[in-house]
Amino acid sequence: MLSLALLLSAVGLSAQTLIKANFHKGDTTVYQTVTKGEMALPMGGGNKQFTSTADTRFVVLDANPQGYKIEVTTIKQNVEGDDEVASQMGNQLDGYIVNVPVVYQTDVNGKIQKIVNYQDVVAKASKQAISNIDSIYKANPEIANAIPKEKMIMGVSELFDEKNVISAVEQQSVFGMYGKTLKTGDTENMTLAQGIKPLQPMMLRLF
């Protein structure tokens, strides 16, 4: 798979370049995504920070003239710092689909079109999410006075909308670039699923 650095280098070689995938069946790689966030507290309460590190494996299951079928699996996730800030600003979805393979179908350029095994992914992610919420409310029953458990479950379930799952993998990998036509000097504002703009670009490291 092409690294983000190679993609951006290709953009610099031409006034206008279509970012297009060139995968082969059996291609496999792992990306490590490091997301850092900081939130300023009101009334001069200082700042809270977090760092989330996720290792994600990509495997090309099929390649044909119509596009690619790619399996994406978050194989490890670690969060350091303030958990509350991480839950608000980080990619919450990763925590619910660790070791759950998600199979994407792309077009010929590598732009993700749909999730092939969407129902299976939602079933497994929802089970994990409900288990986590049950644990939180059991340990802190007073939370129910502010946010009913049912409302919390409904809010988390929005994360599992197909377009949000696709958006999450695009934000954390080069898949967000495929299918775009860029020219030197182009910039793009990125907003996370929670409506928050990142303080700094996400860092991708290929190994």
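Keep in mind that what you see is a predicted model, and the values were worked out from it rather than measured.

Draft legend 1. Up close: the nonpolar core. Counting residues in hydrophobic clusters, the biggest one holds 35 residues, and the most contacted among them are F23, I70, Y104 and F160. When residues of this core are traced back to their parent elements, those giving at least two are β3 (47-64), β4 (67-81), α3 (92-96), β5 (102-106), β6 (112-115), α4 (118-139) and α7 (162-171). When residues of this core are assigned to their parent elements, the largest contribution, 6 residues, is made by α4. Not counting residues up to four positions away in its chain, the partners in contact with Y104 are Y68, K69, I70, V72, I112, K114, I115, V116, V165, I166 and V169.

Draft legend 2. Main features of unusual backbone geometry. With a phi close to 65°, N99 is a non-glycine residue in the positive phi region. Within the secondary structure layout, N99 lies in the loop between α3 and β5.

Draft legend 3. A look at the pairing of β5. Burial of β5 is extensive: 5 of the 5 residues sit out of reach of the surface. By the alternation rule, side chains of β5 split into V102, Y104 and T106 and V103 and Q105, which are all buried. As paired strands, β4 and β5 are joined by 4 bridges and run antiparallel to one another. When the bridges of β5 are listed, V72 appears paired with V102. Pairing of β5 with β6 involves 3 bridges; the strand directions are antiparallel. Note that in β6 the partner of Y104 across the bridge is I115. Turn length for the β5-β6 hairpin, with the two strands adjacent in sequence and antiparallel, is 5 residues, and the turn residue G110 shows positive phi of about 100°.

Draft legend 4. Looking closely at the packing of α4 against helix α6 (residues 149-157). Running from amino to carboxyl end, α4 crosses α6 at an angle of 145°, the nearest separation of the two axes being 10 Å. For α4 against α6, the interelement crossing comes out right-handed. In contact with A129, I133, D134 and Y137 of α4, α6 contributes K149, M152, I153 and V156.

Draft legend 5. The pattern of salt bridges, seen in detail. Across all of its chains, the model carries 4 salt bridges by this definition. A salt bridge links D120 to K124; its shortest N-O distance comes to 3.4 Å. Of this pair, D120 and K124 both sit in helix α4, 4 residues apart, which is roughly one turn of the helix. Accessibility expressed as a relative area gives 41% for K124, which makes it partly exposed.

Draft legend 6. Layout of α4. With 22 residues, α4 extends 32 Å between its outermost C-alpha atoms, agreeing within 8% with the 32 Å of an ideal straight helix rising 1.5 Å per residue. Every buried residue belonging to α4 is among V121, V122, A125, A129, I133 and Y137, and all of these are buried. Considered in projection along α4, the buried side chains sweep an arc of 110° and stay on one side of the axis. Every exposed residue of α4 that faces more than 90 degrees away from the buried side is listed here: K127, K138 and A139.

Draft legend 7. Broad picture of empty space enclosed by the protein. Going through the model one piece at a time under the given rule, you end up with 3 cavities of 30 Å³ or more. Its boundaries defined by the atoms lining it, the second largest cavity holds a volume of some 150 Å³. For the lining of the second largest cavity, the secondary structure elements donating two or more residues are β2 (28-40), β3, β4, α3, β5 and α7. In the lining of the second largest cavity, the residues fall into 11 nonpolar, 7 polar and 1 charged.

Draft legend 8. The arrangement of the confidence of the model for the protein in detail. On average, residues of the protein score 79 in pLDDT, and 74% of them reach the 70 mark or higher. Here residues 1-5 is a poorly scored stretch, pLDDT under 50, and it has 16 contacts once near neighbours within four places are set aside; other chains count. Low pLDDT, under 50, characterises residues 193-207; the stretch is placed with 44 contacts to residues that sit more than four places away or in other chains.

Draft legend 9. Focus on the environment of E38. If you trace the backbone, E38 turns up in strand β2. Along the backbone, E38 and Q49 are 11 residues apart, and their C-alpha atoms lie at a distance of 4.3 Å.

Draft legend 10. Quick peek at α7. Buried residues of α7: V165, I166, A168, V169, E170 and Q171, and no others. With a side-chain oxygen lying 3.1 Å from the backbone nitrogen of K163, the N-terminal cap of α7 falls on D161.

So, how was this worked out
- Along each chain, residue indices are assigned from 1 in the same order as the chain's sequence is written.
- Per-residue local features are limited, in this predicted model, to residues with pLDDT of at least 70; the limit for side-chain atom pairs, both in listing and counting, is 80 or more; totals at the level of whole chains, interfaces and linings are taken over all residues.
- As a convention, hydrogens and water are excluded, and side-chain values are obtained from all of the structure's heavy atoms.
- Put simply, buried Ala, Val, Leu, Ile, Met, Phe, Trp, Tyr and Cys residues joined by side-chain atoms within 4.5 Å make one nonpolar core.
- Under the scheme applied here, a residue whose accessible area is under 20% of the maximum for its type counts as buried, over 50% as exposed, and between as partly exposed, the area being computed with a 1.4 Å probe on protein chains only.
- In DSSP terms, a helix is any run of H or I states spanning at least four residues, a strand is any run of E spanning at least two, and both are numbered starting from the N terminus.
- Whether two residues are in contact is decided by their heavy atoms, any of which lying within 4.5 Å being enough.
- Two strands pair if DSSP finds at least two bridges between them.
- Interaxial angle, 0 to 180 degrees, is taken between N-to-C directions of lines fitted to C-alpha atoms, where a helix line uses only the stretch in contact.
- Definitions for this section: a left-handed crossing has its near helix turned counterclockwise from the far helix by less than a right angle. A right-handed crossing has that turn clockwise.
- Any carboxyl oxygen of Asp or Glu within 4 Å of a side-chain nitrogen of Lys or Arg constitutes a salt bridge here.
- Multiplying 1.5 Å by the residue count of a helix minus one yields the expected span of that helix.
- Each C-beta atom gives one direction from the helix axis, and the arc is the one those directions make.
- Using protein atoms alone on a 1 Å grid, points that fit a 1.4 Å probe yet trap it form a cavity, whereas open point sets bounded by protein on both sides within 12 Å along at least five of seven lines form a pocket; residues with an atom within 4 Å of a point count as lining.
- Grid points are joined across faces, edges and corners, and a volume is the space filled by probe spheres set on the points.
- We call Asp, Glu, Lys and Arg charged. Ala, Val, Leu, Ile, Met, Phe, Trp, Tyr, Cys and Pro are nonpolar, and the rest, Gly among them, are polar.
- The pLDDT score gives, residue by residue, the confidence of the prediction method on a 0 to 100 scale.
- Whenever a nitrogen or oxygen atom comes within 3.5 Å of another N or O atom, the pair is scored as a polar contact, on the condition that within protein one atom can donate a hydrogen and the other can accept it, and that pairs from neighbouring residues in sequence are kept only if both atoms are in side chains.

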